[in-house]
Structures are given as C-alpha cells and as structure tokens.
Number of protein chains: 2
Amino acid sequence: MTQPSDKALVPFVSVDHMMQLIHRIGMDDMLRGLADYIEADFRRWELFDKTPRVASHSDVGVIELMPTSDGEAYGFKYVNGHPKNTAEGLQTVTAFGLLADVASGYPVLLTEMTILTAMRTAATSAMVARHLAPKGADTMAMIGNGAQSEFQTLAMKAICGLKSVRLYDTDPAATAKCAANLAGHGLTVVPCATPEEAIEGAQILTTCTADKQYATILTDNMVGAGVHINAIGGDCPGKTELAPAILHRSDIFVEFPPQTRIEGEIQQLAPDHPVTELWQVISGTAPGRTSDRQITLFDSVGFAIEDFSALRYVRDALKTHPLYHPLDLLADPDDPRDLFGMVQRAAP
Amino acid sequence: MTQPSDKALVPFVSVDHMMQLIHRIGMDDMLRGLADYIEADFRRWELFDKTPRVASHSDVGVIELMPTSDGEAYGFKYVNGHPKNTAEGLQTVTAFGLLADVASGYPVLLTEMTILTAMRTAATSAMVARHLAPKGADTMAMIGNGAQSEFQTLAMKAICGLKSVRLYDTDPAATAKCAANLAGHGLTVVPCATPEEAIEGAQILTTCTADKQYATILTDNMVGAGVHINAIGGDCPGKTELAPAILHRSDIFVEFPPQTRIEGEIQQLAPDHPVTELWQVISGTAPGRTSDRQITLFDSVGFAIEDFSALRYVRDALKTHPLYHPLDLLADPDDPRDLFGMVQRAAP
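What this report covers is the structure whose coordinates are included nearby. (Residues numbered from 1 in each chain as written. Chains lettered and ligands numbered in written order. Predicted model: local features only at pLDDT ≥ 70, side-chain atom pairs only at ≥ 80, totals over all residues. Heavy atoms only, no water.)

1. Some points on the packing of helix H1 (residues 15-25) of chain B against helix H3 (residues 114-132) of chain B
Residues and elements named next belong to chain B. The following threshold applies: Axis geometry follows a simple rule: fit a line to the C-alpha atoms, using only the stretch in contact for helices, then measure angles between N-to-C directions, giving values from 0 to 180 degrees. By definition, any uninterrupted DSSP run of H or I lasting at least four residues is a helix, any uninterrupted run of E lasting at least two residues is a strand, and each is numbered from the N terminus. We call two residues in contact whenever any of their non-hydrogen atoms come within 4.5 Å of each other. All residues other than Ala, Val, Leu, Ile, Met, Phe, Trp, Tyr, Cys, Pro, Asp, Glu, Lys and Arg, Gly among them, are scored as polar; the first ten of these are nonpolar and the last four charged.
In contact at an axis separation of 9 Å, H1 and H3 are set at 35° when each is read in the N-to-C sense. Listed contacts from H3 to Val15, Met18, Met19 and Ile22 of H1 are Ile115, Leu116 and Met119. Classifying every residue of the contact of H1 with H3 by side-chain character gives seven nonpolar, no polar and no charged.

If you want it as structure tokens, here you go:
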C-alpha cells in the first residue's frame with residue numbers, strides 16, 4: 001500500500017451524497033442557487049470555449065461528451081440517451097460529470113449528474129422564464145409528467161413565483177405520480193384530462209415528453225397570445241413537440257444555435273430562421289419580451305455551459321457541506337519521473 | 001439512505017487497485033496481455049468509430065477527451081498534458097478512463113489510467129516492434145529515461161525478447177533511476193554518457209523525451225541502416241525529436257494519419273508525405289519491413305483505440321482479480337419516471 005497525496009484524491013459526489021446535498025441545502029434554495037450560477041455564466045457566455053457535444057450514435061441510443069471551459073475551470077458531462085431503457089427497468093438518461101483545474105489539468109470534482117442534470121435543466125428553464133414570461137405569470141401547464149416534471153414545477157415556483165400547475169400526460173398514472181410528489185410544496189396542483197384543459201389560464205406552457213419522433217404535443221389553435229412556451233422535450237434529431245405553425249408565430253430563444261438547429265424544435269424550420277441567443281437577452285444586448293401579446297418560446301436542448309455552472313455550484317457547495325468521498329483517481333509518485341518505481345514499491 | 005441497485009454501481013479501479021493488479025498478474029504477463037488486446041483491435045480497426053481527440057488548450061497545457069467505440073462497447077479517456085507541472089511536484093500527464101455498454105449507455109468500468117496509459121503505450125510500442133524490428137533484434141537504445149522508460153524497456157523484453165538496453169538522458173540522475181528500477185529484471189542494462197554511445201549496436205532506437213519544442217534527439221548521422229525507430233516523445237504540435245533527414249530515409253508507420261500529421265514527427269513533413277497505417281500491416285494488407293537495410297519508424301502519438309483495448313483488458317482481468325470498489329455513480333429509481341420521488345424519499 002502506498003498513501004496517495006491530497007493532490008491525487010478527487011472529491012466524488014455519489015448519488016446518495018447528491019440527494020443528501022439537496023436535502024441539506026433545501027430543494028428550493030438549491031434550484032435558486034443553480035439558476036444564479038447558470039445566469040452568471042450566460043452573462044459571460046462569450047469567454048467560454050464552446051463546441052457542439054461529441055456524440056457516439058448507435059441504433060438504440062447515443063452516448064455524448066459535453067466539454068466546455070471558462071479558461072480557469074474545465075468541465076465535461078458524460079450522458080447517454082436510450083429511450084428503450086425504460087422498458088428494461090433502466091434510466092433513459094444517466095449522467096456524471098467532472099470539473100478540472102485548467103492550470104494543472106488535475107480533476108477537482110467527480111459527481112453523479114443524473115439528478116444534477118434534472119436540477120440544472122429545471123433551473124435553466126425557470127431562469128429563462130424569469131426573463132421572458134409575461135409579468136405576473138403564476139400558472140403553468142405541465143404537459144408530460146415524467147422524471148423532469150416535478151423539478152420543472154418547483155423551479156418555476158422557487159424562481160418565478162409560480163402558484164398553480166395544471167398537469168397533463170397521456171398516461172394518467174404519470175400525472176398521479178407527479179401530483180402526489182408535488183403535494184405539500186405550497187402549490188395548487190390541478191390534474192387535467194386533456195392538454196386543452198391543462199393550458200386553460202396558463203401563462204407558461206411547459207412541454208416535456210419523451211417520445212423520439214416528430215410528435216405534436218401542442219397544436220397551433222391551443223396557443224393563445226402572450227404566453228411563454230418552455231419546450232424541453234425536443235432535444236435530439238427527429239424529436240420535436242410543437243406544430244411548426246406555433247414556431248412561426250413565436251419569437252424563439254435558444255442556447256447555442258449550432259446545436260439547437262440540429263436538436264431543437266427549430267430543426268423543423270429553415271436553417272436561417274431568425275432566433276435570439278439567450279445570453280444576449282440576459283446580458284442586455286438583445287431584446288427579450290417586448291409586448292404583452294407576444295409568444296416567447298425557449299427551445300431548450302441543454303448545453304454544456306449549464307452543466308459547467310452546475311459543477312461549479314456543487315464544488316462550492318461542498319465547502320459548506322462536505323458530502324463526498326476522496327477518490328484515489330490520480331497516480332501521484334513522489335518523483336514525477338518515477339511512476340515505475342511507485343508501482344514497484346507497491347508490491348505486496 | 002436508499003440502496004442503489006447493482007446496475008447503478010460502477011466498478012472503480014483506483015490507483016492502488018491498478019498497482020495491485022499489475023503485481024497480481026505480473027508486469028510481463030500484463031504487458032503481453034495488453035499487447036494482445038491492442039493487436040486484436042488493430043486487426044479490426046475499420047469497424048471502430050474514430051475521431052481525433054477533443055482538445056481544450058490553454059497557455060500552460062491541454063485537457064483532452066479521447067472517445068471511441070466498436071459498436072458494443074464505448075470507451076473514453078480523460079488526459080491532461082502540462083509540462084510545467086513537474087516543477088510544481090505534479091505529474092505532467094494524469095488520466096482516467098471509462099468503458100460503457102453501447103446497448104444501454106450505462107458505464108461498466110471507471111479506472112485510473114495514468115499507470116495504465118504508461119502500460120498501454122509500452123505494449124503498443126513493443127507490439128509494433130514485433131512486426132517491424134529486424135529479426136533477432138535484442139538490443140535497444142533508450143533515449144530519455146523518464147516516467148515511460150522502464151515500461152518501454154520491459155515491454156520490449158516481454159514481447160520482443162529484448163536482452164540488453166542502453167540508457168541515455170541529458171540528466172544522469174534520470175538514467176541512474178531507470179537503471180536502478182530495471183535491475184533484477186533479467187536484462188543487461190548499460191548506462192551511457194552520450195546518445196552516440198547509447199545507439200552502439202542497438203537495432204531498436206526508442207526516443208522518449210519530454211521537452212515541448214522542436215528538439216533533435218537523434219541526428220541523421222546517428223542512424224544506420226536496418227534499425228527500427230520507436231519515437232514516443234513527439235506527440236503534440238510543436239514537439240518533435242527527430243531530424244527531418246531521418247524521416248526522409250525511413251519508412252514511416254502511424255496509428256491514425258489525421259492525428260499523427262498534427263501531433264507526430266511527421267508534422268515536420270509535407271502533409272501528403274507517404275505513411276503506412278499500422279492496422280494494415282498488422283492485418284496483412286500492407287507491407288511492413290521488406291529488407292534488412294530498411295529503416296522503419298513508428299511515429300507514436302497514442303490513439304483512443306489503444307486506450308479502449310486497455311479498458312477492455314482491465315474489465316476482463318477484474319473477472320479473475322476483483323480489485324475494485326463499486327461506485328454509486330448512477331441514479332437508479334425503482335420507477336424510471338420517478339427520479340424526484342427517489343430524491344424525496346432520501347430525506348433524512
């Protein structure tokens with residue numbers, strides 16, 4: 001046995017640690033904290049090293065690496081997408097992520113990101129809605145009541161002051177699950193039998209369904225003037241949720257155009273259809289909502305910088321809440337040139 | 001506390017485990033095993049998903065992700081390169097890697113790869129030398145006696161039958177360290193005072209120096225007919241070891257031309273200078289060494305498929321030697337749609 005030095009030990013946040021961290025900080029406070037970190041990184045968007053995700057496709061799914069860097073820290077997320085997994089009792093999406101120090105190249109954090117991705121996706125949606133939703137919006141239609149639905153709803157409550165959520169899913173069991181999970185969180189929760197019922201009186205329309213096909217969750221006649229659409233589920237080639245006519249009536253806001261044009265709702269539109277980059281709205285260099293009757297649409301696909309913000313948040317949160325194991329990940333010989341000697345001296 | 005299921009637990013091989021694994025299997029046998037796995041993957045080279053590494057550069061170093069897939073398994077390595085780290089008591093290169101199941105997207109192995117990369121680099125060099133070095137080659141000049149030198153030497157012994165190694169480094173302390181580490185391994189070890197002395201009688205010339213600059217470790221008049229040059233150290237833009245005249249006299253063999261033309265010795269040559277892909281030699285579709293007087297040159301830069309082979313080797317070795325910790329990396333709710341409920345039920 002050799003004793004690794006501090007530099008060789010990387011803090012690892014397990015799934016169990018992440019759940020403890022959420023309860024220690026509080027779900028609402030953590031969603032708000034994540035939104036603040038994400039917003040701060042959107043404000044300094046231009047300085048990031050940006051690249052579309054690096055995807056490895058197969059017949060049944062995709063495995064992706066999503067790296068980015070702000071010049072001081074480097075982060076990446078590993079994430080898979082396998083829609084058929086659910087039928088086998090597995091998660092469609094699992095993820096983990098890593099943060100490293102650019103100056104030394106040494107990793108400084110390894111963490112589960114299945115739960116953290118759900119949190120950052122919801123925090124991003126709510127941060128964007130804070131900028132784009134009509135003033136006083138307090139009712140949301142939540143269409144698609146799967147794994148992301150409760151996080152979306154609670155983020156809208158914590159960050160935008162949501163008071164009421166109207167739930168709809170093609171599977172009533174999913175709606176029942178979502179309603180049960182949201183009970184006791186200070187929201188009016190209204191299960192609905194149809195999508196038309198769900199959107200009654202809602203100023204925010206969130207779509208988050210999982211089918212990998214060109215689906216039409218919202219049709220044109222369902223969407224009235226003045227709403228904000230938060231479209232989460234269209235996030236890969238061939239997977240969309242909105243009728244093209246809605247897109248043509250909306251002002252469309254995106255994270256990173258080269259990625260969204262391939263993966264988002266706007267894959268249904270011409271490649272030069274005008275869109276606004278969210279970082280420009282958030283940093284004040286492009287208009288967001290300009291009228292009460294305007295339809296704003298956040299075509300969310302999820303971008304590496306949001307994961308980077310989430311990794312930064314967790315790294316900082318561990319200073320107050322040390323919920324991690326030190327992981328013996330990096331070989332650290334006393335003499336950097338003597339890796340072989342280190343191995344040799346470990347002989348039993 | 002919730003209890004993660006087996007599917008959520010990823011075997012993790014720490015640095016300490018990797019060192020134990022080497023001793024359990026034996027250094028020579030493990031190098032031979034790695035060479036066999038790497039050679040097997042070179043034989044089926046065409047079916048791999050190949051991409052140049054995804055690099056994030058800064059003023060002081062680089063962080064890279066190296067993914068690949070054979071359609072059944074997906075692997076990637078995280079690796080940094082920070083030459084100035086040594087002065088701060090840190091490793092120039094640290095690495096870890098992951099293997100995942102393409103069918104589900106679930107990771108199946110996370111492992112340290114600083115030591116494993118040294119092993120696979122050496123195993124690759126020796127596997128290539130087995131194909132290209134002159135018959136009966138039993139003496140190697142090892143120029144550059146840093147972290148990789150002992151692994152290179154022992155791999156050439158285990159895989160090519162090397163009997164004698166002649167060591168040279170600009171720093172005599174590095175040579176002394178290498179010679180001490182190699183004592184007792186059944187080799188004749190000859191420390192040399194000059195590179196000219198080191199190459200006397202050597203049929204294999206291995207260069208493995210670390211300076212990030214256009215250095216000239218071997219000059220043209222040092223290299224006689226019939227040798228095999230194993231050039232390890234030239235592995236990034238601006239870092240080469242050989243005089244261009246040597247390259248022009250050699251038949252050059254490379255792993256993956258799009259990467260080697262940027263990173264290898266051949267960055268000094270015209271972009272259309274002829275090279276042979278090693279997988280073609282190994283699968284019998286291109287000639288290797290064709291005459292006793294030919295100079296063969298392996299312009300090694302290290303490619304993702306070699307890491308993939310090493311990850312496969314470790315995954316299989318763990319079946320016999322279960323040296324790992326199960327890591328709680330993947331959230332695995334009973335109901336895949338109820339991630340939020342899983343978090344909620346973890347409340348203290």
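2. Brief notes about the relation of the copies chain A and chain B
Note the cut-off: C-alpha atoms of residues with pLDDT of at least 70 in both copies form the basis for the least-squares superposition of the copies.
For the match of chain A to chain B, the screw axis carries a shift of 0.0 Å, the RMSD comes to 0.0 Å, and the turn is 180°. Taken together, the turn and the small shift mark the pair as related by a two-fold rotation axis. Both copies contact each other with a shared surface, as 100% of the interface residues of chain A are interface residues in chain B too.

3. Observations concerning the interface of chain A and chain B
Much of the literature gives interface size as the accessible area that the parts lose upon coming together. Heads up, the condition is: Put simply, buried area is the surface a 1.4 Å probe can reach on two separate parts but cannot reach once they are joined, added for both. Counted as salt bridges are all cases of a side-chain nitrogen of Lys or Arg within 4 Å of a carboxyl oxygen of Asp or Glu. Within 3.5 Å is the distance limit for a polar contact, defined as a pair of N or O atoms, with the added protein rule that one can donate a hydrogen and the other accept it, and that residues adjacent in sequence qualify only through two side-chain atoms.
The partner chain B presents 79 residues to the 79 residues of chain A that form the contact. Buried area between chain A and chain B, summed over both chains or domains, comes out near 6800 Å², and the portion from carbon and sulfur atoms is 67%. Put simply, chain A and chain B have two salt bridges between them. Between chain A and chain B we count 38 residue pairs in polar contact (both at pLDDT 80 or more) in total. For the side of chain A that touches chain B, the residue count by class is 44 nonpolar, 21 polar and 14 charged.

4. A closer look at the pattern of salt bridges
Counted only if it meets this: Burial classes: relative accessible area under 20% of the type maximum marks a residue as buried, over 50% as exposed, and values in between as partly exposed (1.4 Å probe, protein chains only).
Applying the stated rule across the entire model yields 37 salt bridges over all chains. For A:Lys157, the salt bridge identified is with A:Asp28, shortest N-O distance 3.0 Å. With a gap of 129 residues between them, A:Lys157 in helix H4 (residues 149-160) and A:Asp28 in helix H2 (residues 27-43) connect regions that are remote in the sequence. Notably, a salt bridge pairs B:Asp316 with B:Lys319, separated by 3.1 Å at the nearest N-O pair. Placement of both B:Asp316 and B:Lys319 in helix H10 (residues 304-320) is noted, with a separation of three residues, approximately one turn of the helix. For B:Asp316, a relative accessible area of 19% corresponds to the buried category. Owing to a relative accessible area of 66%, B:Lys319 belongs among the exposed residues under this scheme. Beyond isolated ion pairs, a larger network of salt bridges with shared partners links A:Asp41, A:Arg44, A:Asp70 and A:Arg312.

5. Some words on the sheet that holds strand S16 (residues 295-299) of chain B
Residue and element names in this part refer to chain B. Our working definition: Two strands pair if DSSP finds at least two bridges between them.
One open sheet holds the eight strands; their spatial order is S9-S8-S7-S10-S12-S16-S14-S15, and the pairing between them is parallel. The strands lining the two open edges of the sheet, one partner per strand, are strand S9 (188-191) and strand S15 (276-277). Strand contacts of helix H5 (residues 172-182): strand S8 (164-168) and S9, with the helix running at about 160° to S8, the strand carrying the most contacts.

6. Overview of the environment of B:Arg289
All names here are of chain B. Among the structural elements, Arg289 can be located in the loop between helix H9 (278-282) and S16. Sequence spacing of Arg289 and Ile199 is 90 residues, and the spatial spacing of their C-alpha atoms is 20 Å. With near-sequence residues (within four places) excluded, Arg289 lies in contact with Leu132, Ala133, Pro134, Gly226, Val227, His228, Gln294 and Thr296. Side-chain polar atoms of Arg289 contact the backbone oxygen of Leu132, separated by 2.6 Å. Of note is the side chain of Arg289, whose polar atom sits 2.8 Å from the backbone oxygen of Gln294.

7. Let's talk about H5(B)
Listed as buried for H5(B) are B:Ala174, B:Thr175, B:Lys177, B:Cys178, B:Ala179, B:Asn181 and B:Leu182. Each element contacted by the buried residues of H5(B) is listed here: helix H11 (339-345) of chain A together with helix H4 (149-160), S8 and S9 of chain B. With a side-chain oxygen lying 2.9 Å from the backbone nitrogen of B:Ala173, the N-terminal cap of H5(B) falls on B:Asp171. B:Gly184 sits one or two residues past H5(B) and shows a positive phi near 85°.

8. Quick notes on the sheet that holds strand S2 (residues 54-57) of chain B
Residue and element names in this part refer to chain B. With mixed pairing, the seven strands of this open sheet are ordered in space as S2-S3-S4-S5-S6-S1-S17. Looking at strand neighbours, the two that pair on one side only are S2 and strand S17 (325-328), the edges of this open sheet. Adjacent strand axes in the sheet meet at a mean angle of 20°, parallel and antiparallel pairs treated alike. The sheet contact formed by strand S1 (residues 9-13) and strand S6 (residues 107-112) spans two bridges and is parallel. Bridge assignment links Phe12 to a residue of S6, and that residue is Leu110. Most of the contacts of H1 go to S1, to which it runs at about 65°, and overall it touches S1, S6 and S17. Packing against the sheet, H3 makes contact with strand S3 (62-69), strand S4 (73-81), strand S5 (95-101) and S6, and its axis sits at approximately 90° to S6.

9. Here we look at the pairing of S3(B)
Residue and element names in this part refer to chain B. The element S3 is extensively covered by neighbouring structure, given that eight of its eight residues are classed as buried. Here S3 shows two buried faces, one formed by Val62, Glu64, Met66 and Thr68 and the other by Ile63, Leu65, Pro67 and Ser69. Pairing analysis gives four bridges linking S2 to S3, with the strands arranged antiparallel. Across the sheet, the residue bridging to Ala55 is Glu64, located in S3. The hairpin turn running from S2 into S3, its antiparallel successor, is four residues long. Here S3 pairs with S4 via eight bridges, running antiparallel. Residue Leu65 lies in a different strand from S4, and its bridge partner there is Tyr78. Count of turn residues in the S3/S4 antiparallel hairpin: three residues, of which Gly71 carries a positive phi of about 95°.

Remember that the coordinates give geometry; whether it matters functionally is a separate question.
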